[in-house]
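Structural characterization, general
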Amino acid sequence: MKILAYERVEKPVLDALKEKHDVRFFKNIDTKQDKEFIEFLSEADGIIGLALDVNKELLEKAPKLKVVSNVSVGYNNLDIPELTKRNIMATNTPGILTDTVADMAFGLILSTARRIPELDQFVKNGHWTESLTEEHYGTDVHHKKLGIIGMGRIGNAIAKRAHHGFDMEIIYHSRSRKPNVEKEYQATYMDLDSLLQESDFVCLITPLTKETEGMIGKREFQLMKKSGIFINASRGGTIVEQDLIDALKNGDILAAGVDVFEQEPVDSNNELLKLKNTVTLPHIGSSSYETELKMSQLAAENLEAGLSGRKPPNLINPEVRAKKI
Ligand code: DGY
């Protein structure tokens with residue numbers, strides 16, 4: 001089979017795929033212009049990779065495609081209705097990255113509250129002896145109120161850390177109530193506005209969909225406490241980025257930690273990169289050595305299953321399988 005691999009697939013997984021298939025790996029290319037990519041795509045049976053924009057335009061150039069295997073849990077890069085219409089299976093890698101992303105989200109909570117990256121620079125630049133004052137103090141995390149927007153697997157793992165490790169009070173907003181979270185972490189369900197008003201930390205971890213696109217903007221930031229800290233570990237598109245910049249500059253909120261941006265890789269002129277009260281990461285929530293490898297392995301399993309006519313373990317559009325096999 002012909003497999004088009006797109007960044008990021010870990011090397012051992014790529015090597016194993018190459019033993020069985022005709023695999024071509026692409027990285028940092030313009031998928032609309034690159035001739036080799038377009039030529040290989042026209043023959044490809046499967047795609048495996050992270051964040052390749054699989055839309056109608058691309059699918060028109062891929063008449064043989066049977067499976068698109070995302071190396072991520074989020075699949076906002078895939079046009080699912082279009083894939084389904086064309087009888088192409090779409091898969092993702094849920095579950096295995098939950099704790100890794102939750103660790104990173106918590107890292108952002110701690111880094112922003114205790115100003116860890118800023119103080120790291122302060123020490124390394126030799127300022128400690130001269131000028132350590134209360135201006136460098138941070139704000140406590142323990143015993144504060146954490147508002148989680150999106151209570152799926154990762155939201156749950158963040159709540160677990162907050163409740164058991166940091167004695168935080170958990171409030172949450174989600175499409176549906178989660179009785180297990182309410183019981184295990186004494187979490188309270190709230191409407192979005194009340195959550196924004198009450199939280200010391202707001203952590204956004206909802207998938208990007210038509211319903212969640214731009215869900216946090218000027219109005220929402222202004223509802224937050226002026227001492228509030230905002231964490232985005234979902235997708236850049238779930239917030240209005242310019243409104244976050246304004247809120248940070250105007251003092252509507254205290255600080256922000258973001259792993260995701262509207263445009264990725266982020267433009268070096270993006271104002272978020274210039275703000276002292278913002279901690280920025282390169283969309284790296286799931287990227288530990290261990291988890292990246294597991295994600296690539298699971299994505300390869302999904303791909304192989306789909307190509308051989310079996311049901312992939314993480315099929316997003318089961319309607320396709322019903323029609324095909
Ligand atoms: C995911 O798996 O969705 C991570 O955010 C990486 O894209």
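This one's a predicted model, so the numbers in the text were calculated from it and none came from an experiment.

This part takes up the pattern of salt bridges. Tallied over the entire structure, the rule returns 23 salt bridges. Between Lys225 and Asp200 there is a salt bridge, and its shortest N-O distance comes to 2.8 Å. Pair noted here: Lys225 is in the loop between helix 11 (218-223) and strand 10 (229-232) and Asp200 is in the loop between helix 10 (192-198) and strand 9 (201-204), with a separation of 25 residues, a long-range link. Here the salt bridges share partners, and the residues they tie into one network are Glu60, Glu82, Lys85 and Arg86.

The subject of this paragraph is the UniProt feature "domain: D-isomer specific 2-hydroxyacid dehydrogenase catalytic" (unreviewed entry) in the chain. In this numbering, the UniProt entry assigns the feature "domain: D-isomer specific 2-hydroxyacid dehydrogenase catalytic" (unreviewed entry) to residues 3-317. Span residues 3-317 is 38% helix and 15% strand, its end C-alpha atoms 20 Å apart.

Another aspect to go through is the sheet that holds strand 7 (residues 169-173). Strand order across the open sheet formed by seven strands is 8-7-6-9-10-11-12, with parallel pairing between neighbours. The open sheet terminates on both sides in strands that have one partner only, identified here as strand 8 (188-189) and strand 12 (278-280). Along the sheet, helix 5 (residues 98-113) contacts strand 6 (145-149), strand 9, strand 10, strand 11 (255-258) and strand 12; its crossing angle with strand 10, the most-contacted strand, is approximately 150 degrees. Against the sheet, helix 12 (residues 241-250) makes contact with strand 10, strand 11 and strand 12, and its axis sits at roughly 145 degrees relative to strand 11, the strand it touches most.

Turning our eyes to something else, we now look at the pairing of strand 7. Look at any regular strand and the pattern is simple: side chains alternate between the two faces of the sheet. Burial analysis of strand 7 places four of its five residues in the buried class, which makes it a mostly covered element. Looking at chain direction, strand 6 and strand 7 are connected through five bridges and run parallel. Looking at strand 7, one finds that Ile148 is bridged to Tyr172. For the segment spanning strand 6, helix 8 (residues 153-166) and strand 7, crossover handedness is right-handed. Summarising the sheet, strand 7 and strand 8 pair through two bridges and their orientation is parallel. Looking across to strand 8, one finds that Tyr172 is bridged to Tyr189. Read as a crossover between parallel neighbours, the route from strand 7 over helix 9 (residues 179-184) to strand 8 is right-handed.

Further remarks concern the site of the ligand. Around the ligand, the neighbouring residues are Leu50, Ser72, Val73, Gly74, Leu97, Arg235, His283, Ser286 and Met295. For the ligand, an oxygen atom lies 2.8 Å from a polar atom in the backbone of Gly74. Coverage of the ligand by the protein chains reaches 88% of its 230 Å² of free accessible surface. Here the residues of the shell around the ligand sort into four nonpolar, four polar and one charged.

What follows deals with the environment of Thr91. When you line up the elements, Thr91 lands in strand 5 (residues 89-91). Counting along the chain gives 212 residues from Thr91 to Leu303, while the straight-line C-alpha distance between them is 7.9 Å. Beyond its immediate sequence surroundings of up to four residues, Thr91 is in contact with Val68, Ser69, Asn70, Asn302, Pro312, Asn314, Leu315 and Ile316. Of the polar contacts made by the side chain of Thr91, one reaches the side chain of Ser69; its length is 3.3 Å.

In the numbering adopted here, UniProt assigns the feature "domain: D-isomer specific 2-hydroxyacid dehydrogenase NAD-binding" (unreviewed entry) to residues 106-285. The span residues 106-285 carries 36% helix and 15% strand; its end-to-end C-alpha distance comes to 10 Å.

Let us look at the domain arrangement of the chain. If you check the domain split of the chain, you get domain 1 (2-94 + 289-324) and domain 2 (98-280). Of the residues lining the interface, four residues belong to domain 1; the matching set on domain 2 comes to four residues. Between domain 1 and domain 2, roughly 400 Å² of surface is buried when both sides are summed, and carbon and sulfur atoms account for 49% of that area. Three residues stand out in domain 1 for area buried against domain 2, namely Asn76, Pro94 and Thr291, and they jointly supply 79% of the buried area on that side. Where domain 1 touches domain 2, the interface holds zero salt bridges. Across the domain 1-domain 2 interface, the total number found is two residue pairs in polar contact (both at pLDDT 80 or more). The residue inventory of the side of domain 1 that touches domain 2, partitioned by class, reads one nonpolar, three polar and no charged.

The strand order 2-1-3-4-5 describes an open sheet built from five strands, whose pairing is parallel. With one partner strand each, in any of the chains shown, strand 2 (22-26) and strand 5 form the two edges of the open sheet. Shown here is a sheet whose adjacent strand axes are inclined to one another by a mean of 15 degrees, direction ignored. By the bridge criterion, three bridges tie strand 4 (residues 67-70) to strand 5 in an arrangement that is parallel. By the bridge assignment, Ser69 is partnered in strand 5 with Thr91. Sheet strands in contact with helix 1 (residues 11-20) are strand 1 (2-6), strand 2 and strand 3 (46-49), and its direction is about 145 degrees off that of strand 2. In this fold helix 13 (residues 289-307) packs onto strand 1, strand 3, strand 4 and strand 5, with an angle of close to 170 degrees to the strand it touches most, strand 4.

With that out of the way, let us pick up helix 12. By the burial criterion, the buried members of helix 12 are Glu241, Asp243, Leu244, Ile245, Ala247 and Leu248. Close packing links the buried residues of helix 12 with helix 11, strand 10, strand 11 and strand 12. Trailing helix 12 by a residue or two, Gly251 shows a phi angle of about 75 degrees, which is positive.

The rules behind each value
Residues numbered from 1 in each chain as written. Predicted model: local features only at pLDDT ≥ 70, side-chain atom pairs only at ≥ 80, totals over all residues. Heavy atoms only, no water. Salt bridge = Lys/Arg side-chain N within 4 Å of Asp/Glu carboxyl O. Helix = DSSP H or I, 4+ residues; strand = E, 2+ residues; numbered from the N terminus. UniProt positions renumbered as here; feature names shortened; annotations may be inferred. Pairing = 2+ DSSP bridges. Contact = heavy atoms within 4.5 Å. Axes fitted to C-alpha atoms, helices over the stretch in contact; angles between N-to-C directions. Buried < 20%, exposed > 50% of the residue type's maximum accessible area, 1.4 Å probe, protein only. Right-handed = clockwise from strand over helix to strand, strands pointing away. Near = heavy atom within 4 Å. Polar contact = N/O pair within 3.5 Å; in protein donor to acceptor, adjacent residues only side chain to side chain. Areas by Shrake-Rupley, 256 points an atom, 1.4 Å probe, with all protein chains shown as cover. Nonpolar A, V, L, I, M, F, W, Y, C, P; charged D, E, K, R; others polar. Domains from an automatic or database assignment. Buried area = accessible area lost by both parts, 1.4 Å probe.

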